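Coordinate inspection notes
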Amino acid sequence: MSISSHGPLKLSVGASTGMKIGATLLAIPFVGVPLFAISKLEQAVQLSAEGSSLDSQILMVPFVVVLVVFLVVLLGIFRFRAEMEGGVVEVHGAFTTRRVDLARAHVWLDSFPECSRARDLTGHRLPYLYLYAQEPGGRKILLRLRAARAFLPPHELAALAGAIESGHRTGADAERAARAADLLRRLSADPAIKVP
C-alpha cells in the first residue's frame with residue numbers, strides 16, 4: 001500500500017484525550033492565579049504613587065514568567081502531532097515544524113533507563129521507546145513509539161520501518177538503520193517482544 005497515494009499517515013504520537021483534559025484542568029490554577037495576581041498588582045500600580053510603581057511592576061515578573069511558561073507547555077501539548085507522507089515525517093511542536101526524510105536520515109532507536117523512587121538507576125529499560133532521525137545538517141526529531149500502555153499501531157510501525165528501509169546507506173549508519181527497521185517490523189508483528 002502506498003502511503004502517498006492515500007495522503008499523509010497521521011502517527012499516533014500526540015497527547016491522548018486524557019492528557020489534554022488533565023492539562024486543561026491544570027490550566028485553571030496555573031493560568032488563573034498568575035492572571036489574578038497580575039490584575040491585583042496592576043490595580044495597586046494605578047492607585048499608588050509614581051515612586052512605587054516600579055516595585056509593583058517588578059513583582060509582576062515572576063507571575064508573568066509562570067503564565068508564559070505554562071501557556072507554552074499547554075500549547076505544545078495541544079499542537080504536538082506527527083504525520084508521514086512518502087517517507088517524510090513532519091513533526092509539529094508549539095511553534096516549530098520539523099521535517100525529516102527517513103530514507104536519507106541517520107536513524108536510531110533508544111529507550112530510557114528506569115529510575116526507582118530514590119532516583120537511582122536500576123539498569124532496567126522502561127517500555128518508553130523513541131525513534132530518533134536526523135538528516136545531515138538538519139535538526140533532530142524524536143518520536144515516542146511507546147507510552148506507558150502500548151506501542152504505536154502495527155501499520156504505523158510497519159510504515160516507519162518501510163520508510164527507513166527505502167534509503168541507501170553505508171557502514172555503521174546502514175547497520176543502525178537496519179536494526180531500527182527490523183525492531184519496528186518485529187514490534188508491528190508482536191508488540192510483546194522484549195525491547196533491547
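Now for a look at the structure at hand. (Residues numbered from 1 in each chain as written. Predicted model: local features only at pLDDT ≥ 70, side-chain atom pairs only at ≥ 80, totals over all residues. Heavy atoms only, no water.)

Focus on the overall build of the protein chain
- A tally of regular secondary structure across the protein chain gives 4 helices and 7 strands.
- Listing each helix as α and each strand as β along the protein chain from the N terminus yields β-α-α-β-β-β-β-β-β-α-α.
- Taken across its 196 residues, the protein chain has 34% of its residues classed as buried.
- Long-range pairs, those at least 24 residues apart, make up 53% of the contacts in the protein chain between residues at least 6 apart in sequence.
- Approximately 12100 Å² of the protein chain is accessible, and the part contributed by carbon and sulfur atoms is 62%. (Helix = DSSP H or I, 4+ residues; strand = E, 2+ residues; numbered from the N terminus. Buried < 20%, exposed > 50% of the residue type's maximum accessible area, 1.4 Å probe, protein only. Contact = heavy atoms within 4.5 Å. Areas by Shrake-Rupley, 256 points an atom, 1.4 Å probe, with all protein chains shown as cover.)

Points about the packing of aromatic side chains
- Here the structure, examined in full by the defined rule, presents 2 aromatic pairs.
- Aromatic pair Trp-108 and Tyr-132: ring centres 5.4 Å apart, planes at 5 degrees, arrangement stacked. Of this pair, Trp-108 sits in strand β5 (residues 106-115) while Tyr-132 is found in strand β6 (residues 121-134), placing the two residues 24 residues apart along the sequence.
- Accessibility expressed as a relative area gives 23% for Trp-108, which makes it partly exposed.
- Its relative accessible area of 9% is what places Tyr-132 among the buried residues.
- With 6.5 Å between their ring centres and 40 degrees between their planes, Tyr-130 and Tyr-132 make a pair best called tilted.
- Site record: aromatic cluster; members linked through ring pairs are Trp-108, Tyr-130 and Tyr-132. (Phe/Tyr/Trp six-rings, centres within 6.5 Å; stacked < 30°, edge-to-face > 60°.)

Concerning helix α4 (residues 171-189)
- The end-to-end C-alpha distance of α4 is 27 Å, a good match for the 27 Å that 19 residues give at a rise of 1.5 Å each.
- Burial in α4 covers these residues: Asp-173, Ala-177, Ala-180, Ala-181, Leu-183, Leu-184, Leu-187 and Ser-188. The buried side chains of α4 occupy one side of the element, clustering within an arc of 160 degrees when seen end-on. Turned more than 90 degrees away from the buried face of α4, the exposed residues are Ala-172, Glu-175, Arg-179 and Ala-189. (Expected span 1.5 Å × (residues − 1). Arc of directions from axis to C-beta.)

Section: the pairing of strand β2 (residues 81-85)
- Pairing between strand β1 (residues 9-11) and β2: 3 bridges, direction antiparallel. Pairing of Lys-10 across the sheet is with Glu-83, part of β2.
- Sheet analysis places β2 next to strand β3 (residues 88-92), joined by 5 bridges and oriented antiparallel. Note that in β3 the partner of Ala-82 across the bridge is Val-91.
- If you look at the hairpin formed by β2 and β3, you'll find 2 residues sitting between the two strands, and Gly-86 has a positive phi there, around 60 degrees. (Pairing = 2+ DSSP bridges.)

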